[in-house]
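# A look at the structure
Here's the letter readout for the chains.
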Amino acid sequence: MASSHKPVIWGLFAAGGTVAAFLVPALILITCLAAPLGLLPADALSYARLHGLLQSPLSKLITFAILFLIVWHAAHRLRITAHDLGIRKDTLVAVIFYGIATAGSLLLLAALATL
Amino acid sequence: MSRRPYLREQSKSGWWLSQPRYVRYMMREVSAAFIGIYALILIIGVHRLSQGEIAYASFMASTKGPAGLLFAAAAMLFAVYHTLTWFQVTPKAMPLTLSGKRVPGGVIVAAHWLGFAVASAAVWLLVGS
Amino acid sequence: MSDRTIELEILRYDPEQDDAPHFQTYTVPCQEDWVVLDAINFVKENLDRTLSYRWSCHMAVCGSCGMALNGEPALACHAFVRDYPERIRIEPLQNFPIERDLVVVMDDFMEKLAAVRPYVIAAEEKDVEDGEHLQTPAELARYKQYTACINCLLCYSACPQYGLNDSFIGPAALALAHRYNLDSRDVGRSAREDVVASNPGIWECSFVGACSEVCPKSVDPAAAIQQTKIASSGDYFMKFLMPWKRK
């Protein structure tokens, strides 16, 4: 048995889980539930406002870091869940879930670069 | 005297249904699916934002409606459950000793919820107003 | 509370005669202060002398009498009959092969326990004449909780990851490794790394937490493993950033 390389993935998982724990409930509330409940100013999520919000390098960096960590947290946890549900093709599952996380991260990177 | 140990089989996929604590564990794990999908939706949103006003408008339109609301409600429940369970385990993973005394786990958890309130307020101010 | 008549449904298995385990029911008049072990002893003494099971201290310090009571891993000497309904299902600990009746095969655990090197690995060997290793109360407090393990195996029985993958080193062994890693007299963390920080070591754990819930001595192996994950991750990254440093 040799020392594992898991710390890299686990570090991302732990960071992403922490970010998700602190930010996701508020984000869901604001982006999905506040508007229908009439709690949001009309232009809060407008194109103009959000476009402006994501112009600075700092806000791009923060946005990327947050979403990158969250999708990697989810990917790793779901890989474990697949194993817990008896799916034994761990390498295939890992490729699929980490692949989706990678694709999402690259899409985000490209989008932020374009903005 | 012959030994013939007997190995009892357990279900590889359904073992978690046998006890409430395992069901709660599985719910915690499944929360990641909702959180992950939500994050991907946000990523797609940023992508559509980068493609211009019309693309963004059609993205926003597609997230409305009963299906979107249902997903959001479910995602909210699971996200809060993730926060709850994540904060619960933090004192175990990182026990704190201040001036020779172990800080009670409850204090660490409470401090996290305080931080959560602050972070949520910050998100509201930045994104929602 | 008064004396009650309890039905014990015990899983029997005779390797010389049975193809598979089967339940056998015994009716036991229980006194109000009895533990389940007392009821099982009554069966052995009065009803069925062929029943096999491990027990010794009758006070939750030896770790011998672990079994599943109504599906929950417990020490039979620590489970009061008054806390149970009229029918108690008694099975050997889950996740272990059955040797006979309520006796399980512990060999896998014994190997894993030895593999984590559960002893002080000191910086220099000291002769007895040179005196003791000195340790402050604060240094003792850091690891004391993890010394309480009585090797009862309830945690392995409750752990679904051990059930899914029996190459997992497991809660008790990893908690004990943590006990030595935290001991100020010990410098063996890197020596244990090969086993502890391996894939079947701490990284097989997904923090279900059932182990800590069933532990009769409040060792909290789940906490031990998570702390080890953080420490190991620290070691791992330090190796890249400062490879010249060794513990």
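These numbers come from a predicted model, not from an experiment. Numbers given to residues run from 1 along each chain, matching the order in which its sequence is written. For naming, the first written chain is A and the first written ligand is 1, with later ones following in the order written. Thresholds applied to this predicted model are a pLDDT of at least 70 for local features of residues and 80 or more for the giving and counting of side-chain atom pairs; totals over whole chains, interfaces and linings are not thresholded and use all residues.

## Considerations on the overall build of chain B
- Numbered from the N terminus, helices here are DSSP runs of H or I no shorter than four residues, and strands are runs of E no shorter than two. In terms of helices and strands, chain B carries 4 helices and 2 strands.
- Helices and strands appear in chain B in the N-to-C order α-α-α-β-β-α.
- Between the two quantities, the radius of gyration covers C-alpha atoms and the globule rule is 2.2 Å times the number of residues to the power 0.38. In terms of C-alpha radius of gyration, chain B reaches 22 Å, well past the compact-globule figure of 14 Å for 129 residues.
- If one aligns the C-alpha atoms of chain B with their principal axes, the spans along those axes are about 80 × 50 × 25 Å.
- For every residue, the other C-beta atoms within 10 Å of its own C-beta are counted; 20 or more classify it as buried, 12 or fewer as exposed, and values in between as partly exposed. C-beta atoms are placed from the backbone. Going through the 129 residues of chain B one by one, you find that 22% of them count as buried.
- Here the analysis covers contacts within chain B between residues at least 6 apart in sequence; of these, 47% occur between residues at least 24 apart. Any pair of residues counts as being in contact when their C-beta atoms, constructed from backbone geometry, are within 7 Å of one another.

## Some points on the overall build of chain A
- Along chain A, the regular secondary structure elements total 4 helices and 0 strands.
- Here chain A has a C-alpha radius of gyration of 17 Å; the compact-globule value for 115 residues is 13 Å, and the former is much larger.
- Taken over 115 residues, chain A has a buried fraction of 38%.
- Contacts spanning at least 24 positions in sequence make up 69% of the contacts within chain A whose residues lie at least 6 apart.

## So, the nonpolar core
All names here are of chain C.
- Buried Ala, Val, Leu, Ile, Met, Phe, Trp, Tyr and Cys residues whose C-beta atoms connect them within 7 Å together make up a nonpolar core. Counting residues in hydrophobic clusters, the biggest one holds 67 residues, and the most contacted among them are Val36, Ala39, Ala76, Cys155, Leu174 and Leu176.
- For this core, the leading source of residues is helix α6 (residues 171-182), giving 7 residues.
- When near neighbours in sequence (up to four residues on either side) are disregarded, Leu176 contacts Leu113, Val116, Pro118, Tyr146 and Cys149.

## Observations concerning the interface of chain A and chain C
- On the chain C side, the residues contacting the 9 residues of chain A number 14 residues.
- Sort the elements by how many residues they give to the side of chain A that touches chain C and helix α1 (residues 6-33) of chain A lands first, with 4 residues.
- Put simply, Ala, Val, Leu, Ile, Met, Phe, Trp, Tyr, Cys and Pro go in the nonpolar bin, Asp, Glu, Lys and Arg in the charged bin, and everything else, Gly too, in the polar bin. Split by residue class, the side of chain A that touches chain C holds 5 nonpolar, 3 polar and 1 charged.

## Looking at the sheet that holds strand β5 (residues 87-91) of chain C
Residues and elements named next belong to chain C.
- Taken together, 5 strands build an open sheet; the order of strands is β2-β1-β5-β3-β4 and the sheet is mixed. Looking along the sheet, the strands with just one partner apiece sit at the ends: β2 (22-30) and β4 (72-75). Neighbour-to-neighbour, the strand axes of this sheet turn through a mean angle of 35°, independent of strand direction.
- In short, DSSP must find at least two bridges between two strands for them to pair. With 2 bridges joining them, strand β3 (residues 66-69) and β5 adopt antiparallel strand pairing. Opposite Leu69, over in β5, you have Ile90 as the bridge partner. To get an axis, a line is fitted to the C-alpha atoms, and for a helix only the part in contact is used. The angle between two axes follows their N-to-C directions and goes from 0 to 180 degrees.

## Re the interface of chain B and chain A
- Contacts between the two partners involve 41 residues from chain B, matched on the other side by 43 residues from chain A.
- Looking at the side of chain B that touches chain A, the elements that each hand over two or more residues are α1 (20-50), α2 (53-63), α3 (66-93) and α4 (105-127) of chain B.
- With 15 residues, α1(B) is the largest single contributor of residues to the side of chain B that touches chain A.
- Counted by class, the side of chain B that touches chain A contains 27 nonpolar, 11 polar and 3 charged residues.

## Concerning α3(B)
- Helix span, expected: 1.5 Å multiplied by one less than the number of residues in the helix. Taking 1.5 Å of rise per residue, 28 residues should cover 40 Å, and α3(B) covers 40 Å from first to last C-alpha, within 8% of that figure.
- Listed in full, the buried residues belonging to α3(B) are Ala72(B), Ala75(B), Phe78(B), Ala79(B), His82(B), Thr83(B), Thr85(B), Phe87(B), Thr90(B) and Pro91(B).
- Structurally, α3(B) contributes buried residues whose contacts are with α1 of chain A together with α1 and α4 of chain B.

## Brief notes about the environment of Ala65(A)
All names here are of chain A.
- One can find Ala65 in helix α3 (residues 57-84).
- For Ala65, a count of 13 C-beta atoms within 10 Å gives the class partly exposed.
- Taking the C-alpha atoms as reference, Ala65 lies 25 Å from Ser4; in sequence the two are 61 residues apart.

## Description of the pairing of β5(C)
- Looking at chain direction, strand β1 (residues 4-12) of chain C and β5(C) are connected through 4 bridges and run parallel. Following the sheet pairing, Ile10(C) is matched in β5(C) by Ile90(C).

## Looking at the confidence of the model for chain B
Residues and elements named next belong to chain B.
- Every residue carries a pLDDT, the predictor's confidence in it, which falls somewhere between 0 and 100. For chain B, per-residue confidence averages 93 on the pLDDT scale, and 99% of positions sit at 70 or higher.
- Averaged over each element, pLDDT in chain B is lowest for strand β2 (residues 101-102) (84) and highest for α1 (96).
- With a pTM of 0.93, the predicted complex shows an ipTM of 0.93.

## Comments concerning the packing of α6(C) against helix α9 (residues 221-241) of chain C
Residue and element names in this part refer to chain C.
- Orientation of α6 relative to α9, taken along the N-to-C sense of each, is 60°, at an axis distance of 8 Å. With respect to their mutual orientation, α6 and α9 come out oblique. The two elements α6 and α9 meet at a crossing, and its hand is left-handed. The residues of α9 that touch α6, namely those facing Pro171, Ala172, Leu174, Ala175 and His178, are Pro221, Ala224, Ile225, Gln227 and Thr228.
- Of the residues assigned to the contact of α6 with α9, the class counts are 7 nonpolar, 3 polar and no charged. Should an angle fall under 35 degrees it is called roughly parallel, over 145 degrees roughly antiparallel, and 65 to 115 degrees roughly perpendicular, with every other angle called oblique. Crossings are classed by handedness, with left-handed meaning an anticlockwise turn of the near helix from the far one by less than a right angle and right-handed meaning a clockwise turn.

## Comments concerning helix α7 (residues 189-196) of chain C
- Of all the positions in α7(C), only Arg189(C), Arg192(C), Glu193(C), Val195(C) and Val196(C) are classed as buried.
- As for α7(C), its buried residues are in contact with α2 (107-115), α6 and α9 of chain C.

## So, the pairing of β1(C)
- Where β1(C) and β2(C) come together, 9 bridges link them in antiparallel fashion. By the bridge assignment, Arg4(C) is partnered in β2(C) with Cys30(C).

## Brief notes about the packing of α6(C) against α7(C)
All names here are of chain C.
- The interhelical angle for the contact between α6 and α7, taken along N-to-C directions, is 165°, at an axis separation of 10 Å. Considering their axes alone, α6 and α7 lie roughly antiparallel with respect to each other. For the crossing formed where α6 meets α7, the hand is left-handed. In this structure, α6 contributes Leu174, Ala177 and Asn181 to the contact, and α7 contributes Arg189, Arg192 and Val196.

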